[in-house]
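Examination of the molecular architecture
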Amino acid sequence: MAAVRAEWGSARRIVIKIGSSLLVNTETGALNREWLASLVADAAALKAEGKEIILVSSGAIALGRKVLGLPSGPLRLEDNQAAASVGQIDLAHAYEETFKASGLVAAQILLTFGDTEERRRYLNARSTMETLLRLGAVPVVNENDTVATSEIRYGDNDRLAARVASMMSADCLILLSDVDGLYTSAPGLDGTGQLLPEITEITPDIEAMAGDTGTELSRGGMVTKIEAARIAVGAGTHMVIASGKVMNPLARFTQGGVCTWFLAHSNPRASRKRWIAGALEPRGAVVIDDGAVNALKAGKSLLPAGVSSIEGSFDRGDAVVIRNTCGTELGRGLSAYSHEDAQVIIGHKSREITELLGYRGRDELIHRDDMALKQGAGTGE
Ligand code: GLU
């Protein structure tokens, strides 16, 4: 077997998507516990190497539909939701038990579309997952299928996983499913399909190769995987399609098993900064003193104490312009507070926030990860 790519070695934060057809036996509707144990053992080994792991797991509907005696084939939305609410309990329980056996803590995160698309909720979801990772837990994410309605759902976990990877600035997203990569034409049909090991650009030709290879259990075929790749690569995250149809699928992948890499041209940090700097309409401004200017130039976050005044009416999570006292724009960032709350805490020490606002918010007004400074931004220009 070939060695795994260098991109994997340097990847620190990894999102792994697990398709329903791997976890749930199509005929019986039973959970493949042995396979799950092998996957969790792999994830634990990666964690021991210092990687941060986030799982995005399907399987709720596949597990629940059998329990409720629902027929095979496409289900009505309300039957899907009922199946998901039954199956998600089993799924979460299985993860909890299996991770515990490896000495790890699993944490369930159920997301609806708005949680990654609306900035305020996005910041909440992001900071909860950051906290879980910091505390050593393994977030296990699924769509909150029981409340998602057809117009406002991700619909498939390939795209959900890509949104999570982008939201969490992950270095690498691995889609484990029943296919081992992208083929030039469907393998097995005419015997000429070749697996593409590496894709550096998602061209119309690549899209045309996707066809539709979904199975009954997993909604996402190759088309949704290509869409996921577009989201991931756009956020600076490399994406891999690899087979999960083997025991210890991650160990196999890291030993250089066949797969398709979609390579990003940027990294998640740079992509996020570009997004903050360019894609968002600023809703206000913060004017900062010289001490804060120096702190920001040294790579620190913006604390309320360094802010002299604010302008505009912005909400938590909105983009604001950062200016020095001479009116020069230094950069932009996402405010951790609304303008009303920011007005109360500016000029104050972070430890006073609880007393001033009556709740314990973030210490920073703009966290350094949520900030994009202009090149050469300096004091008093
Ligand atoms: N969220 C769905 C479930 O847990 C899976 C969607 C998908 O397979 O892409 O059953």
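Bear in mind that the values here come from a model prediction, so they are computed numbers and not experimental data. (Residues numbered from 1 in each chain as written. Predicted model: local features only at pLDDT ≥ 70, side-chain atom pairs only at ≥ 80, totals over all residues. Heavy atoms only, no water.)

Here's the deal with the overall build of the protein chain
If you tally the helices and strands in the protein chain, you get 15 helices and 13 strands. Since a compact globule built from 381 residues should have a radius of gyration of about 21 Å, the 23 Å found for the protein chain is in line with a globular shape. Expressed as lengths along the three principal axes of its C-alpha atoms, the size of the protein chain is roughly 70 × 40 × 40 Å. A burial count over the protein chain gives 51% of its 381 residues as buried. Working note: accessible area of the protein chain is about 16900 Å², and carbon and sulfur atoms make up 50% of it. Taken together, the 40 basic and 47 acidic charged side chains of the protein chain have centroids lying 4 Å from each other. (Helix = DSSP H or I, 4+ residues; strand = E, 2+ residues; numbered from the N terminus. Rg over C-alpha atoms; globule rule 2.2 N^0.38 Å. Buried < 20%, exposed > 50% of the residue type's maximum accessible area, 1.4 Å probe, protein only. Areas by Shrake-Rupley, 256 points an atom, 1.4 Å probe, with all protein chains shown as cover. Lys, Arg positive; Asp, Glu negative; His and termini not counted. Charge placed at Lys NZ, Arg CZ, Asp CG, Glu CD.)

Side note on the site of the ligand
What surrounds the ligand is a group of 11 residues, the closest being Ala 60, Ile 61, Asn 142, Asp 145 and Asn 157. At 3.5 Å from an oxygen atom of the ligand is found a side-chain nitrogen or oxygen belonging to Ser 58. Here an oxygen atom of the ligand and a backbone polar atom of Ala 60 are 3.1 Å apart. Burial of the ligand by the protein amounts to 98% of the accessible area it has alone, namely 300 Å². Among the residues forming the shell around the ligand, the class breakdown is 2 nonpolar, 6 polar and 3 charged. (Near = heavy atom within 4 Å. Polar contact = N/O pair within 3.5 Å; in protein donor to acceptor, adjacent residues only side chain to side chain. Nonpolar A, V, L, I, M, F, W, Y, C, P; charged D, E, K, R; others polar.)

Considering the sheet that holds strand β12 (residues 329-334)
Taken in spatial order, the 5 strands line up as β10-β9-β11-β12-β13 in an open sheet, and their pairing is mixed. The sheet is open, and its two borders are formed by β10 (307-312) and β13 (371-373), each paired with just one other strand. Averaged over all neighbouring strand pairs, the angle between strand axes comes to 20°, with direction disregarded. Across 5 bridges, strand β9 (residues 284-288) lies against β10 in antiparallel orientation. Residue pairing for β10: Ala 285 is matched across the bridge by Glu 311. Sheet strands touched by helix α12 (residues 268-279): β12 and β13. Its angle to β12, the strand with the most contacts, is close to 105°. (Pairing = 2+ DSSP bridges. Axes fitted to C-alpha atoms, helices over the stretch in contact; angles between N-to-C directions. Contact = heavy atoms within 4.5 Å.)

Notes on the pattern of salt bridges
A full pass over the atoms with the stated rule returns 20 salt bridges. Here Asp 115 ties to Arg 121 by a salt bridge, and the two come within 3.1 Å at their closest N and O atoms. Using a relative accessible area of 14% as the deciding quantity, one classes Asp 115 as buried. On the basis of relative accessibility, which here comes to 31%, the residue Arg 121 falls in the partly exposed class. Residues joined in a network through salt bridges with shared partners are Arg 12, Arg 13, Glu 52 and Glu 130. (Salt bridge = Lys/Arg side-chain N within 4 Å of Asp/Glu carboxyl O.)

Quick notes on the packing of helix α7 (residues 119-134) against helix α8 (residues 157-167)
Where α7 meets α8, the closest approach of the two axes is 10 Å, and the angle between their N-to-C directions is 80°. In terms of their interaxial angle, α7 and α8 are classed as roughly perpendicular. Across the interface between the two elements, Tyr 122, Ala 125, Arg 126 and Met 129 from α7 touch Val 164, Ser 166 and Met 167 from α8. Looking at the contact of α7 with α8, its residues break down into 5 nonpolar, 1 polar and 1 charged. (Parallel < 35°, antiparallel > 145°, perpendicular 65-115°, else oblique.)

Observations concerning the environment of Gly 312
Among the secondary structure elements, Gly 312 is positioned in strand β10. Look at Gly 312 and you get partly exposed, because its relative accessible area is 48%. For the pair Gly 312 and Arg 283, spaced 29 residues apart in sequence, the C-alpha to C-alpha distance is 6.3 Å. Once you skip the residues sitting within four places of it in the chain, Gly 312 turns out to touch Arg 283, Gly 284 and His 339.

Overview of the packing of aromatic side chains
Counted according to the given criterion, the structure contains 5 aromatic pairs. Ring geometry for Trp 8 and Phe 253: centres 5.1 Å apart, planes at 90°, overall edge-to-face. Here the residue Trp 8 occupies a position in helix α1 (residues 6-10), and Phe 253 occupies one in helix α11 (residues 249-254), the gap between them amounting to 245 residues. Between Tyr 122 and Trp 275 the ring centres are 5.9 Å apart and the planes differ by 40°, which places this aromatic pair in the tilted class. (Phe/Tyr/Trp six-rings, centres within 6.5 Å; stacked < 30°, edge-to-face > 60°.)

Let's talk about the pairing of strand β2 (residues 52-57)
One face of the sheet, then the other: side chains in a regular strand alternate in exactly this way. Among the 6 residues of β2, 6 are classified as buried, and the element is accordingly described as predominantly covered. Of the two faces of β2, the one carrying Glu 52, Ile 54 and Val 56 and the one carrying Ile 53, Leu 55 and Ser 57 are both buried. Pairing analysis gives 6 bridges linking strand β1 (residues 13-18) to β2, with the strands arranged parallel. Across the sheet, the residue bridging to Ile 16 is Leu 55, located in β2. By the bridge criterion, 2 bridges tie β2 to strand β4 (residues 138-143) in an arrangement that is parallel. Paired with Val 56 across the strands is Val 141, a residue of β4.

A few points about the environment of Val 140
Counting through the fold element by element, Val 140 comes out in strand β4. As a C-alpha pair, Val 140 and Glu 96 span 44 residues in sequence and 9.5 Å in three-dimensional space. Leave out the neighbours within four places in its chain, and Val 140 touches Leu 55, Ser 57, Tyr 95, Phe 99, Ala 106, Ala 107, Gln 108 and Ile 109.

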